[in-house]
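Close look at the chain arrangement
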Amino acid sequence: MSKRQSFVWLTPFLVLILLFFLVPLLYMFITSFQNSGDFTVQHYQTIVTNSYILQGFKNSITLSIVSAVIALIITLFGVYAMMNFSEPLREKILLLTNLTSNFSGIPLAFAFIVLLGNSGVFTLLFDKWNIGTLSSFSLYSWGGLLLIYIYFQLPLALMLLYPIYDGIQHQWKEAAALLGASTWQFWTKIGIPVMLPGIVGTFSVLFANAMGAYASAYALTSSNYNLVAIRIGSLIKGDIFAQPELASAIAVLLAVTMVTAMLLSEWSIAKTRRKL
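What this report covers is the structure whose coordinates are included nearby. (Residues numbered from 1 in each chain as written. Predicted model: local features only at pLDDT ≥ 70, side-chain atom pairs only at ≥ 80, totals over all residues. Heavy atoms only, no water.)

Let's talk about the packing of helix 5 (residues 106-116) against helix 6 (residues 121-128)
The N-to-C vectors of helix 5 and helix 6 enclose an angle of 10 degrees; their axes lie 3 Å apart at closest approach. Considered as vectors, helix 5 and helix 6 are oriented roughly parallel to each other. Only Val121, Phe122 and Thr123 of helix 6 make contact with helix 5, whose side of the interface consists of Val114, Leu115 and Leu116. By residue class, the composition of the contact of helix 5 with helix 6 is 5 nonpolar, 1 polar and no charged. (Axes fitted to C-alpha atoms, helices over the stretch in contact; angles between N-to-C directions. Helix = DSSP H or I, 4+ residues; strand = E, 2+ residues; numbered from the N terminus. Parallel < 35°, antiparallel > 145°, perpendicular 65-115°, else oblique. Contact = heavy atoms within 4.5 Å. Nonpolar A, V, L, I, M, F, W, Y, C, P; charged D, E, K, R; others polar.)

Right under this line is the structure:
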């Protein structure tokens, strides 16, 4: 295939990237420096001096880190157990995981409300059976948001970690066993160091996935819990009055936060690989 033919085939993809990624990104960046058509950095000054917006960044970063770490730990053990299953069963689990990964946003929030809300199925059952486990739990709090975030992070983490586990060749385990190494020694000396770059990369993807989440958090708490994504949506739609320029500035800083996390992840991965 000639270069001209390759360019023709790539044209629809390039147009898609231009219209749905580059143009909105450029528009958002330009808008963040505008106020009634004039150039200004006032919106960025507002962000760094507004404690409520800064609290939104703090809440989002904390929620993203905690949910990513918990989902990563659960999935590491889950995939390890899954590798002991037969190949057909693993394929079925991956298929189910792929399906559940699409169950997010507003439907996920409503599902949790039906199950664990103030009048949820489990809440009423636990109350009827005099089990006080859910008496102090509120789905509409930080703990409820964390539970939902962990839930939609798990399928993504599993699909990202499965190929990493699958890359650990069985011959390595046999060779280590023949040399007298225990299972613990194999994983601490060989398995985990080999997997570490992939684990760090998975964490960065989970962090970015949580930072950009909006629909589930909004459907669960509306504007009652301060998150960056919810703050951007409130400023665009105008709960009191619309401030799209300020929303664009917050979105730019949100993008910078996510890109910084990805760059730190790449630096950590490169450093880890140099040590191997």
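After that view of the structure, there is still more to cover.
A closer look at helix 2 (residues 42-49)
Of all the residues in helix 2, the buried ones are His43, Tyr44 and Ile47. The buried residues of helix 2 occupy an angular sector of 100 degrees when the element is viewed end-on, so they sit on one face. (Buried < 20%, exposed > 50% of the residue type's maximum accessible area, 1.4 Å probe, protein only. Arc of directions from axis to C-beta.)

Topic: the packing of helix 3 (residues 51-82) against helix 7 (residues 142-166)
Viewed as axis vectors pointing N to C, helix 3 and helix 7 meet at an angle of 45 degrees, and their least axial separation amounts to 7 Å. In terms of their interaxial angle, helix 3 and helix 7 are classed as oblique. Between helix 3 and helix 7 the crossing geometry is right-handed. Residue composition of the contact of helix 3 with helix 7, by class: 22 nonpolar, 4 polar and no charged. (Left-handed = near helix turned anticlockwise from the far one by under 90°.)

Some points on the nonpolar core
Within the largest apolar cluster, 19 residues are counted, with the highest numbers of intra-cluster contacts made by Ile47, Ile53, Phe57, Val228, Ile232, Leu246 and Ile250. Here this core takes 8 residues from helix 12 (residues 244-275), the largest share from any one element. Those residues in contact with Ile47 that sit more than four places away from it in its chain are Ile53, Leu54, Phe57, Leu246, Ala249, Ile250 and Leu253. Of all hydrophobic cores here, the second largest spans 18 residues; its members include Leu63, Phe152, Leu220 and Leu227. (Core = buried A, V, L, I, M, F, W, Y, C linked by side-chain atoms within 4.5 Å.)

Function cannot be inferred from these measures alone, as they are strictly geometric.
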